[in-house]
Amino acid sequence: MLNIDIRKHFPILEQEINGHPLVYLDSAATSQKPQQVIDAISNYYEKDNSNVHRGVHTLGNQATEAYEGARDKVRDFINAKSREEIIFTRGTTTSINIVAQSYGRANVGEGDEIVITHMEHHSNIIPWQQLAREKGAVLKFIDLEADGTITLEKVREVVTERTKIVSIMHVSNVLGTVNPIKEITEIAHENGAIMVVDGAQAAPHMKVDVQHLDCDFYAFSGHKMVGPTGIGVLYGKKELLNKMEPVEFGGEMIDFVGLYESTWKELPWKFEGGTPIIAGAVGLGAAIDYLEEIGLDNVEKHEQHLAEYAMNRMSEVEGITIYGPLEPEKRASLITFNLNDVHPHDLATVLDMHGIAVRAGHHCCQPLMKWLDVSATARASFYIYNTEEDVDRLVDGLRIAKEYFNDVN
Amino acid sequence: MSTRNLDQLYRSVIMDHYKTPRNKGVIEESSVTVDMNNPTCGDVIHLTMQVEDGTVQNAKFEGEGCSISMASASMMTQMIKGKSVEDALSLANTISNIMLGNEYDDSIELGDIEALSGVAKFPARIKCATLAWKAMEQGVRKDSE
């Protein structure tokens, strides 16, 4: 377990909600921010703010250094080969859309296949639906096992030589499943397809090494890893990015502009049209510093412990159904569940009245909800600042909700 | 005590409608059918109505959702049966005003739906309460076109 003092780094956690100390269990939706990230952002606006890549003046230089310095931190964080492979975006959704609209449009034709799974987030479904419709391509789904995992046999059954793109989430935001990305990437490559990874739920919680995974693209968001909203990353292999056309055109991304034709800047800037999210990138850089000071190994250990503790404690509650793999070592630290006779929205309201924030709904995974045969679920997701006490409070809350609804029923 | 706050939301009338919904089912020869969902949370309603000569003769619903959305659907069907389209729409308008904390015409007989007024204090749950009413509004408007 991490030192309890970690909580003190997050000022938002010090408040009371509805008369109870806040227990924040919705980090899979967005994480809270430590003081040092908040300070880095205000510090940037107080001391360095200027536009990047164009100022001759000193502030312009400081802003450029801060922005490009954040890119170096990201490169190091995911072990990309070079800084040109790190493109700043608005978030995971934008990152995946760039791959679909640029690489996809140029490389996918009629009858070609795009392969995803039944567990994907809407942001890793709809860009491919749109591409498949536009190109007359076939969107195929890898089926899940009963415990919400993917087997390589099933991957081999679905991926064929007609497959151009395989796009799969690293960690499921509902089931908590950690997918075997390295092995799936191998299968994709054997069939001549590229591998895209939605890393939104992985990058905040585990050491990601894109060279080891050998994936072609890796997308993630800053706000789920103690950074600010509005900033995300698209990692792509340089040889692919070099061949790709930008999807947004305008300032910042051009080299020479003529009346009828223009040329683009080199990587990574050709994909960063317009004034970029400078303060967001600075905040993301500070978030990476923070996570690395704690150590990703320690983050992972802490979460593994909490997931196991939560799994055991929550299983004690009568009438609970937990979705996804039951072995703690197969899953990330989030637990999606339902409680007999209490609809998840009602449950979330009761918990909120006790200061406990959980997510209720379809978690942007309508096809997965269909696969699970439920209309909605509740989800508790944990991060570095959560403790065993938070889990205990949740379990108490579940019991209160059950009793309350049994009584009024 | 938190459960006291909860009692404002989950009044016994609401829980009664949730537990034993009125007008659950489908009208086979309906003149109006509406499917509506709340995309942010997954609540769904399938509403069928028999509208003749400007009057809602019958209304039934099926659906899936939380206690507030299903109780609201049950109350809605109960309230609008036998009402003119005009009165049904003005009820929907009243509900919407209650939810938004706006002034509303208190001369209208609210019956059970008065219990929904507690929802206004829970902003995240307002959409649960209004789903069925929006479906009804869309249905009768579609029918009168």
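Further up the page is the structure itself.
This structure is a prediction, so every number in the text was calculated from the model and none was measured.

A. Region of the structure containing empty space enclosed by the protein. Residue and element names in this part refer to chain A. In the structure shown here, the tally under the stated rule is 1 cavity of 30 Å³ or more. Every residue along the wall of the largest cavity is listed here: Ala28, Val171, Gln201, His205, Ala332, Ser333, Leu334, Ser381 and Phe382. In terms of residue class, the lining of the largest cavity is made up of 5 nonpolar, 4 polar and no charged.

B. Summary view of the sheet that holds strand E5 (residues 113-117) of chain A. Residues and elements named next belong to chain A. Here we have 7 strands laid out as an open sheet, ordered E4-E10-E9-E8-E7-E5-E6, and mixed in their pairing. On the outer flanks of this sheet lie strand E4 (86-89) and strand E6 (138-142), each paired with one strand and no other. Taken pair by pair, the neighbouring strands of this sheet meet at an average axis angle of 20°, ignoring direction. Taken together, the 4 bridges between E4 and strand E10 (residues 232-236) define a ladder with antiparallel strand orientation. Each residue of the ladder has a partner; that of Ile86, found in E10, is Tyr235. Packed on one face of the sheet, helix H2 (residues 58-78) meets E4, strand E9 (217-221) and E10 and runs near 115° to E4.

C. Region of the structure containing the layout of surface pockets. Taken as a whole, the largest pocket spans an internal volume of roughly 440 Å³. Every residue lining the largest pocket is counted, 21 residues in all, and those nearest its centre are His345, Ala348 and Thr349 of chain A together with Ala124 and Arg125 of chain B. When residues in the lining of the largest pocket are grouped by element, the largest group, 5 residues, is from helix H11 (residues 344-353) of chain A.

D. Representation of the side chain of Glu113 of chain A. All names here are of chain A. With respect to the helices and strands, the residue Glu113 is situated in strand E5. With relative accessibility at 11%, the residue Glu113 sits in the buried group. Side chain to side chain, Glu113 and Thr160 meet in a polar contact 2.7 Å long. In this structure Glu113 touches Val138, Lys140, Val158, Thr160, Arg162, Thr163, Lys164 and Ile165, once residues within four positions along its chain are discounted.

E. View of the state of the cysteines. In the structure shown here, the tally under the stated rule is 0 disulfides over all chains. Here Cys365 of chain A stays unpaired: no disulfide links it, and the sulfur of Cys364 of chain A, its closest cysteine neighbor, is 6.9 Å away. Between Cys128 of chain B, a cysteine without a disulfide, and Cys66 of chain B, which holds the nearest cysteine sulfur, the sulfur-to-sulfur distance is 3.8 Å.

F. Representation of the interface of chain A and chain B. Between chain A and chain B, the contact holds 19 residues from the first and 22 residues from the second. Here chain A and chain B share an interface that buries about 1700 Å² over both sides, 57% of which is from carbon and sulfur atoms. Counting the surface chain A buries against chain B, the share from its top three residues, His345, Met353 and Tyr404 of chain A, is 32%. Here chain A is connected to chain B by 1 salt bridge. The salt bridge involving Arg125 of chain B is made with Asp346 of chain A; its shortest N-O contact spans 2.8 Å. Applying the counting criterion to the chain A and chain B interface returns 10 residue pairs in polar contact (both at pLDDT 80 or more). Where the side of chain A that touches chain B is concerned, the elements lending two or more residues are H11 and helix H13 (388-408) of chain A. The leading source of residues in the side of chain A that touches chain B is H11 of chain A, at 5 residues. Among the residues forming the side of chain A that touches chain B, the class breakdown is 7 nonpolar, 11 polar and 1 charged.

The rules behind these values
- Here the residue numbers are simple positions, counted from 1 along each chain's written sequence.
- Here chains are named by letter from A upward and ligands by number from 1 upward, in the order in which they appear as written.
- Thresholds applied to this predicted model are a pLDDT of at least 70 for local features of residues and 80 or more for the giving and counting of side-chain atom pairs; totals over whole chains, interfaces and linings are not thresholded and use all residues.
- Side-chain numbers here rest on the full set of heavy atoms in the structure, without hydrogens or water.
- Of the two site types, the cavity is a set of points on a 1 Å grid over the protein atoms alone where a 1.4 Å probe fits but cannot get out, and the pocket is an open set with protein on both sides within 12 Å along at least five of seven lines, each lined by residues with an atom within 4 Å of a point.
- Grid points are joined across faces, edges and corners, and a volume is the space filled by probe spheres set on the points.
- Under the scheme applied here, ten amino acids are nonpolar (Ala, Val, Leu, Ile, Met, Phe, Trp, Tyr, Cys and Pro), four are charged (Asp, Glu, Lys and Arg), and all others, including Gly, are polar.
- Strand pairing follows a simple DSSP-based rule, namely that at least 2 bridges must link the two strands.
- Each helix is a run of H or I in the DSSP string that is no shorter than four residues. Each strand is a run of E no shorter than two, and both are numbered from the N terminus.
- Axis lines are fitted to C-alpha atoms, over the contacting stretch for helices. Their N-to-C directions set the angle, which ranges from 0 to 180 degrees.
- Should any heavy atoms of two residues lie within 4.5 Å, those residues are considered in contact.
- Working definition: with a 1.4 Å probe on protein chains only, accessible area under 20% of the residue-type maximum means buried, over 50% means exposed, and in between means partly exposed.
- Polar contacts here mean pairs of N or O atoms no more than 3.5 Å apart (in protein, one a potential hydrogen donor and the other a potential acceptor; neighbouring residues in sequence count only if both atoms are side-chain atoms).
- Disulfides are defined in this document as cysteine sulfur pairs within 2.5 Å.
- Accessible area that two parts lose when put together, with a 1.4 Å probe and added across both, is what the buried area reports.
- Salt-bridge detection follows one rule: a side-chain nitrogen of Lys or Arg within 4 Å of a carboxyl oxygen of Asp or Glu.

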